[in-house]
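A closer look at the structure
What follows is each chain in one-letter form.
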Amino acid sequence: MPLPMDADEFMSELLDGRKNFRGENLSKANLQGEDLRGVNLYGANLKRACLVKTDLRGVDLREADLSNTYLCQTRLEKAKLQNACLVAADLSLARLHQANLDSAHLNSAILFITFLIKANLSNADLSYTILRGADLSNAKLAGASLRGVDLSQTKLDGVNLEGVVLDGAKMPEVLQSPDKEITNQGTLFNPKWRLYTWEGLRYRSKSEIEIAKALDRAGVLFMPNSLARLNSPEGRRNLEPDFIVCHQGKWGILKVDGPWHTPSRRVEEQERERLFRFHGIRVVERFDFKKCEKQPNEVVKEFLQMIEGMY
């Protein structure tokens with residue numbers, strides 16, 4: 001690990017025309033209010049640095065260490081922060097419009113009144129972050145973790161929370177109009193979440209509707225997107241399987257795997273599958289959403305054969 005470069009040395013080299021600080025050790029450097037646009041900070045160590053009100057718009061910060069860094073009111077629009085470590089960083093009032101935070105580590109970070117409009121937070125870890133007053137309008141969150149996060153005062157307009165880990169999260173209250181009944185089927189985790197309907201039931205995607213139609217043609221009993229109440233190591237909890245199917249008096253669960261089902265989430269998904277198996281449902285199978293949409297009859301036929309063969 002190279003010795004830390006102090007702020008004066010960094011600014012001197014920057015004024016001399018140097019732009020590439022890839023992998024540089026700038027830990028604890030005070031760069032408050034500086035204009036660093038166009039600087040390459042890929043993989044740089046900025047741990048505990050002071051970047052308050054610093055202009056980092058469009059800067060390459062991929063895989064950089066920004067843990068415990070002060071980023072209050074920092075300009076980070078369109079910044080590249082893929083795989084960056086922002087654990088316990090203070091991003092209060094920071095602007096991250098259209099920033100790319102794919103697979104970034106933000107757990108325990110402070111995102112108080114932070115602007116993340118249209119930001120890419122796919123596969124990011126936001127567990128236990130402070131998101132009070134934050135604006136995540138139209139942000140991408142596929143595969144992200146919001147475990148234990150209080151979202152009750154977070155703006156989530158246009159956000160799709162399907163595939164997001166929300167264990168222990170506090171969701172915004174959805175005001176129910178007189179003509180809108182509370183339902184345990186196709187639950188609205190987000191009021192802006194798009195739902196499809198067929199035969200008076202709710203579905204998350206067109207792929208699910210094609211599977212529902214194929215199950216209907218097969219003449220089996222099925223329950224789509226219905227919340228189940230069951231035991232888990234943490235106590236009683238709710239889980240929503242895509243399809244609970246009863247065939248010849250035997251039960252199985254058919255899952256439609258969308259693009260948000262990433263390899264990084266497979267362990268967690270297997271844990272959920274084990275909970276259903278613990279309760280006696282022996283067949284829990286996943287099928288790719290593209291195959292479900294294009295070949296639903298083949299998917300259903302294969303799934304029902306599994307149920308017949310497993311009992």
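Up top you'll find the structure we're talking about.
Everything numeric in this text was worked out from a predicted model, so none of it was measured. (Residues numbered from 1 in each chain as written. Predicted model: local features only at pLDDT ≥ 70, side-chain atom pairs only at ≥ 80, totals over all residues. Heavy atoms only, no water.)

1. Examining the overall build of the protein chain
Put simply, the rule is: Working definition: helices are DSSP H or I runs of at least four residues, strands are E runs of at least two. Numbering for both runs from the N terminus. Each residue's exposure class comes from its accessible area (1.4 Å probe, protein chains only) as a fraction of the maximum for that residue type: buried when under 20%, exposed when over 50%, partly exposed otherwise. In what follows, a contact means two residues having at least one pair of non-hydrogen atoms within 4.5 Å. Here the open area of atoms and residues is found with the Shrake-Rupley method and a 1.4 Å probe, where only the protein chains shown may cover a residue.
Helices and strands together make up the secondary structure of the protein chain, namely five helices and eight strands. Reading the protein chain from its N terminus to its C terminus gives the helix and strand order α-β-β-α-β-β-β-β-β-α-β-α-α. Within the span of the protein chain, comprising 311 residues, buried residues form 48% of the whole. In the protein chain, once contacts between residues fewer than 6 apart in sequence are set aside, the share between residues at least 24 apart is 23%. If you sum the accessible surface of the protein chain, you get close to 15,600 Å²; carbon and sulfur atoms cover 47% of it.

2. Brief notes about the environment of Ala-89
Structurally, Ala-89 is set in the loop between helix H1 (7–15) and strand S1 (196–198). Accessibility expressed as a relative area gives 0% for Ala-89, which makes it buried. For the pair Ala-89 and Ser-67, spaced 22 residues apart in sequence, the C-alpha separation works out to 5.3 Å. When residues no more than four places from it in sequence are discounted, the contact partners of Ala-89 are Leu-66, Asn-68, Thr-69, Leu-71, Ala-109 and Ile-110.

3. Description of the pattern of salt bridges
Cut-off, in case you're wondering: Note on definitions: salt bridges are taken to be side-chain nitrogens of Lys or Arg within 4 Å of carboxyl oxygens of Asp or Glu.
All told, the structure shown has 17 salt bridges when counted by the stated rule. A salt bridge links Glu-273 to Arg-277, with the nearest nitrogen and oxygen atoms 3.9 Å apart. With Glu-273 and Arg-277 both in helix H3 (residues 266–278), this residue pair falls four residues apart, about one helical turn. Taking relative accessible area as the criterion, Glu-273 reaches 6% and is therefore assigned buried. One network of salt bridges, with partners in common, ties together Asp-35, Arg-37, Asp-55 and Arg-57.

4. A word on the sheet that holds strand S3 (residues 221–224)
Selection rule: Strands qualify as paired when DSSP identifies two bridges or more between them. Note on geometry: axes are lines fitted to C-alpha atoms, helical ones only across the stretch in contact, with angles between N-to-C directions running from 0 to 180 degrees.
Read from one edge to the other, the open sheet built from four strands follows the order S3-S6-S7-S8, with strand pairing classed as mixed. The sheet is open, and its two borders are formed by S3 and strand S8 (283–288), each paired with just one other strand. Mean inter-strand twist for the sheet, computed between neighbouring axes without regard to direction, equals 20°. Along the sheet face, helix H2 (residues 206–218) touches S3, strand S6 (243–247) and strand S7 (250–257) and points at about 10° away from the line of S6.

5. Some points on the packing of H2 against helix H5 (residues 296–310)
To characterise two packed helices, one gives the angle between the axes of the helices and the distance between these axes. The line we're drawing: Comment on the angle field: the value is read as roughly parallel under 35 degrees, roughly antiparallel over 145, roughly perpendicular from 65 to 115, and oblique elsewhere. Each crossing is labelled by how the near helix is turned from the far one, with a counterclockwise turn of less than a right angle marking it left-handed and a clockwise turn marking it right-handed. Note on residue classes: Ala, Val, Leu, Ile, Met, Phe, Trp, Tyr, Cys and Pro are nonpolar, Asp, Glu, Lys and Arg are charged, and everything else, Gly too, is polar.
Relative orientation of the contacting elements H2 and H5 amounts to 60°, with a least axis distance of 9 Å. As judged from the angle between their axes, H2 and H5 are oblique. Along this stretch, H2 crosses H5, giving a crossing that reads as right-handed. Contacts between H2 and H5 involve Glu-210, Ile-211, Ala-214, Leu-215, Arg-217 and Ala-218 from the former and Pro-296, Asn-297, Val-299, Val-300 and Leu-304 from the latter. Partitioned by chemical class, the residues of the contact of H2 with H5 number eight nonpolar, one polar and two charged.

6. Topic: unusual backbone geometry
Positive phi values are uncommon outside glycine, yet Gln-98 reaches one of about 60°. Within the element layout of this structure, Gln-98 appears in the loop between H1 and S1. The class for Gln-98 is partly exposed, based on a relative accessible area of 45%. Even without being a glycine, Ser-103 presents a positive backbone phi close to 65°. In this fold, Ser-103 is placed in the loop between H1 and S1.

7. A word on the environment of Asp-65
Let me state the cut-off plainly: Polar contact is the term for a pair of N or O atoms within 3.5 Å; when the atoms are in protein, one must be able to donate a hydrogen and the other to accept it, and sequence-neighboring residues count only if both atoms are side-chain atoms.
Examined against the element boundaries, Asp-65 turns out to sit in the loop between H1 and S1. Residue classification places Asp-65 among the partly exposed positions, given a relative accessible area of 24%. With 22 residues separating them in the primary sequence, Asp-65 and Val-87 have C-alpha atoms 8.8 Å apart. Apart from the residues within four sequence positions on either side, Asp-65 is in contact with Ala-44, Asn-45, Leu-46, Lys-47 and Cys-85. Here the side chain of Asp-65 touches Ser-67 through a polar contact of 2.6 Å, side chain to side chain.

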